[in-house]
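Spelled out, the chains give:
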Amino acid sequence: MTTVEQEIYEPLNIETAIELSKNLQLFDHDDHLTSEEIGDGNLNLVFRVKNEHSGKSVIIKQALPYAKVVGSSWPLTLDRARIESESLKRTYQLVPKFTPKVYFSNTNLAVTVMDDLSDFTILRKGLIAGNIYPNLAKDIGHFLAHTLFFNSDFGLNQQEKKVQSSRFINPELCKITEDLVFTDPFYDHGTNNIDEDLKPFVSTMLWEDQSLKLEVATLKKAFLTKGETLVHGDLHTGSIFVREEDTVVIDPEFAFYGPMGFDIGAFIANIILNYLSQQVHLRNQFQRQEYQQYLLNIIDESWNAFSEEFTSLWNQYPQDVFMNIDGYLEQTLQEIFKDTIGFAGCKVIRRMIGLAGVEDVECISNQADRNKVKKAALTLGKKLIVERSQIATINELVKVVSEHA
Ligand code: SR1
Ligand code: MG
């Protein structure tokens, strides 16, 4: 039996999830509650506990002591549940509109209880279905500007930032990213998941290219060393919930103090992957062109919303005396942009050949079609990495992406 008082870790099941939510007094003891495990991610248990009569429901997320996607052979720290709940609480202070409210968290139980967003859809699924979300790009741009600015030395007291960064030391989850995003896909590594037919292409395109590896090494170094701000750390389209007009960002268990461009790069990479997959999903040429243009607009608008809002925050809430020096803002944005493109390239590549692919592409049942999309993605991902210094504006980035479908 799991009680709050005991605080002894054990994985929840549908019965103990109900028990826990009653013990937390989120429901009355005589309420008739239902519970289901709805987690479809790689790492955790997620329960929805609901009073069918009143309609009230909560989500209970619990970290497992291993990576669910692999099994108990891959042990993983429970501390990620603490990181996730602390990140959600901090983000809720900054952008409540885009963040689930946390009702309860407990480090020993590795549990976070939060808003149920059951009337929302996971963005990845919405994009695969070809849906349009008119506010998505501006919401993500706003979310990123506020979270990245107000957790950085530009927008947070610089001593407080040091204290805050110590609460988000996340070595095990960073190591997953260091391996799965920045290392393994660029070598013939056992964690990769590559169709035999694609191997010669991958070998020539990635593994034998020393100049590409030099660029990836530079990006990996930035990930390892640039503790600029509190990043979400895994901002793919499976970490975003959407309704027609609303956007909510979930799942920040990979949060740590890292480079500003990392989250934006992850978001753009996943939009790119959906864009490329629509070559197959949308067979009607007119519909495809229209939807792909919508996806290109998301890339353009999210960056523009981010940079405009970041600029406004920079001018209103400077924490550093140098922030009114001509050129400093432009130089900062340019550096973020260059990192964004490089990280996006790495993220695109990892999802095509590394552990944990994306449904947008993996759900293409015809092998030839799927591999065609993967080849286009690998070619584009590599170009983003090696040519990131030459892609100077968001319009140029959009043009490069549009040339690969
Ligand atoms: C073992 S975890 C695999 C991936 O799932 C998460 O969403 C992260 O992207 C991680 O790299
Ligand atoms: Mg996740």
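Named according to an unreviewed UniProt entry, the protein chain is Methylthioribose kinase originating from Halalkalibacter kiskunsagensis. The UniProt entry for the protein chain carries the following text under Catalytic activity (unreviewed entry): "5-(methylsulfanyl)-D-ribose + ATP = 5-(methylsulfanyl)-alpha-D-ribose 1-phosphate + ADP + H(+)". Per its UniProt entry, the protein chain bears the Function (unreviewed entry) comment "Catalyzes the phosphorylation of methylthioribose into methylthioribose-1-phosphate."

A. Fine view of the overall build of the protein chain. The helix and strand tally for the protein chain stands at 14 helices and 12 strands. Taking 2.2 N^0.38 as the reference for a compact globule, 405 residues should give roughly 22 Å; the C-alpha atoms of the protein chain span a radius of gyration of 21 Å, in line with that estimate. When the backbone C-alpha atoms are referred to their principal axes, the protein chain occupies close to 60 × 55 × 40 Å. Every one of the 405 residues in the protein chain was classed for burial, and the buried ones make up 58%. Considering only residue pairs separated by 6 or more positions, the protein chain has 71% of its internal contacts joining residues 24 or more positions apart. Carbon and sulfur atoms form 49% of the exposed surface of the protein chain, whose accessible area is close to 17,100 Å². Between the mean site of the 39 positive side-chain charges and the mean site of the 57 negative ones, the protein chain shows a separation of 4 Å.

B. How the structure looks around the site of ligand 1. Residues in contact with ligand 1, as listed here, are Asn42, Leu43, Val69, Trp74, Ile176, Leu180, Asp234, His236, Phe254, Arg350, Arg351 and Ala356. Contact between ligand 1 and His236: an oxygen atom at 3.4 Å from a side-chain N or O atom of the residue. The side chain of Arg351 places a nitrogen or oxygen atom 3.0 Å from an oxygen atom of ligand 1. With the chains in place, 95% of the 320 Å² that ligand 1 exposes on its own is no longer accessible. Elements supplying a minimum of two residues to the shell around ligand 1: α6 (171-180) and α11 (328-353). Across the shell around ligand 1, the residue classes tally to seven nonpolar, two polar and three charged. Counting contributing residues, the shell around ligand 1 receives three or more from each of domain 1 (14-115) and domain 2 (121-402).

C. Main features of a nonpolar patch on the surface. On the surface, a cluster of nonpolar side chains totalling about 330 Å² of accessible area is made up of Val321, Phe322 and Ile325. Relative to the helices and strands, Phe322 resides in the loop between α10 (285-316) and α11.

D. Up close: α10. Helix length check: α10 (32 residues) gives 46 Å between terminal C-alpha atoms against 46 Å at 1.5 Å per residue, within 8%. With a side-chain oxygen lying 3.0 Å from the backbone nitrogen of Phe286, the N-terminal cap of α10 falls on Asn284.

E. Main features of the pairing of strand β5 (residues 71-75). Of the strand pairs in this sheet, strand β4 (residues 66-67) and β5 are connected by two bridges, and their pairing is antiparallel. The residue bridging Tyr66 from the neighbouring strand is Pro75, located in β5. Hairpin connection from β4 to β5: three residues lie between these consecutive antiparallel strands.

F. Representation of helix α13 (residues 367-386) in the model. Its 20 residues give α13 an end-to-end C-alpha distance of 28 Å, which sits within 8% of 28 Å, the value for a rise of 1.5 Å per residue. Among all positions in α13, only Arg370, Asn371, Val373, Lys374, Ala376, Ala377, Leu378, Leu380, Gly381, Lys382, Leu384 and Ile385 are buried. Structurally, α13 contributes buried residues whose contacts are with α7 (199-207), α8 (210-225), α9 (261-281), α11, α12 (359-362) and α14 (394-402). Among the residues of α13, the N-terminal cap falls to Asn366, whose side-chain oxygen and the backbone nitrogen of Ala368 are separated by 3.0 Å.

G. Spotlight on the environment of Lys175. Within the secondary structure, Lys175 sits in helix α6. Relative accessible area serves as the criterion here: at 43%, Lys175 is assigned to the partly exposed category. A C-alpha to C-alpha distance of 17 Å links Lys175 and Asp263, two positions 88 residues apart in sequence.

H. Spatial organisation of the environment of Ser152. Locating Ser152 in the fold gives a position in the loop between α4 (136-150) and α5 (158-166). Along the sequence, Ser152 and Gly258 sit 106 residues apart, while their C-alpha atoms lie 9.9 Å from each other. Beyond its immediate chain neighbours, meaning those up to four positions away, Ser152 contacts Lys161, Glu228, Thr229 and Met260.

I. View of the pattern of salt bridges. Applying the stated criterion to the full structure yields 27 salt bridges. Across the pair Glu36 and Arg48 runs a salt bridge, and its minimum N-O distance is 3.3 Å. You can see Glu36 sitting in strand β1 (residues 33-37) and its partner Arg48 sitting in strand β2 (residues 44-51), a full 12 residues away along the chain. Residue classification places Glu36 among the partly exposed positions, given a relative accessible area of 40%. Here Lys175 makes a salt bridge to Asp179, at a shortest N to O gap of 3.0 Å. Placement of the pair is Lys175 and Asp179 together in helix α6, with a separation of four residues, close to one helical turn. Residue Asp179 is classed as partly exposed on the basis of its relative accessible area, which comes to 23%. In this structure, a network of salt bridges that share partners links the residues Lys61, Arg80, Glu84, Asp251 and Glu253.

Rules used in this analysis
Residues numbered from 1 in each chain as written. Chains lettered and ligands numbered in written order. Predicted model: local features only at pLDDT ≥ 70, side-chain atom pairs only at ≥ 80, totals over all residues. Heavy atoms only, no water. UniProt positions renumbered as here; feature names shortened; annotations may be inferred. Helix = DSSP H or I, 4+ residues; strand = E, 2+ residues; numbered from the N terminus. Rg over C-alpha atoms; globule rule 2.2 N^0.38 Å. Buried < 20%, exposed > 50% of the residue type's maximum accessible area, 1.4 Å probe, protein only. Contact = heavy atoms within 4.5 Å. Areas by Shrake-Rupley, 256 points an atom, 1.4 Å probe, with all protein chains shown as cover. Lys, Arg positive; Asp, Glu negative; His and termini not counted. Charge placed at Lys NZ, Arg CZ, Asp CG, Glu CD. Near = heavy atom within 4 Å. Polar contact = N/O pair within 3.5 Å; in protein donor to acceptor, adjacent residues only side chain to side chain. Nonpolar A, V, L, I, M, F, W, Y, C, P; charged D, E, K, R; others polar. Domains from an automatic or database assignment. Patch = residues over 30% accessible without salt bridge, like charges linked within 9 Å, V, L, I, M, F, W, Y side chains within 5 Å. Salt bridge = Lys/Arg side-chain N within 4 Å of Asp/Glu carboxyl O. Expected span 1.5 Å × (residues − 1). Pairing = 2+ DSSP bridges.

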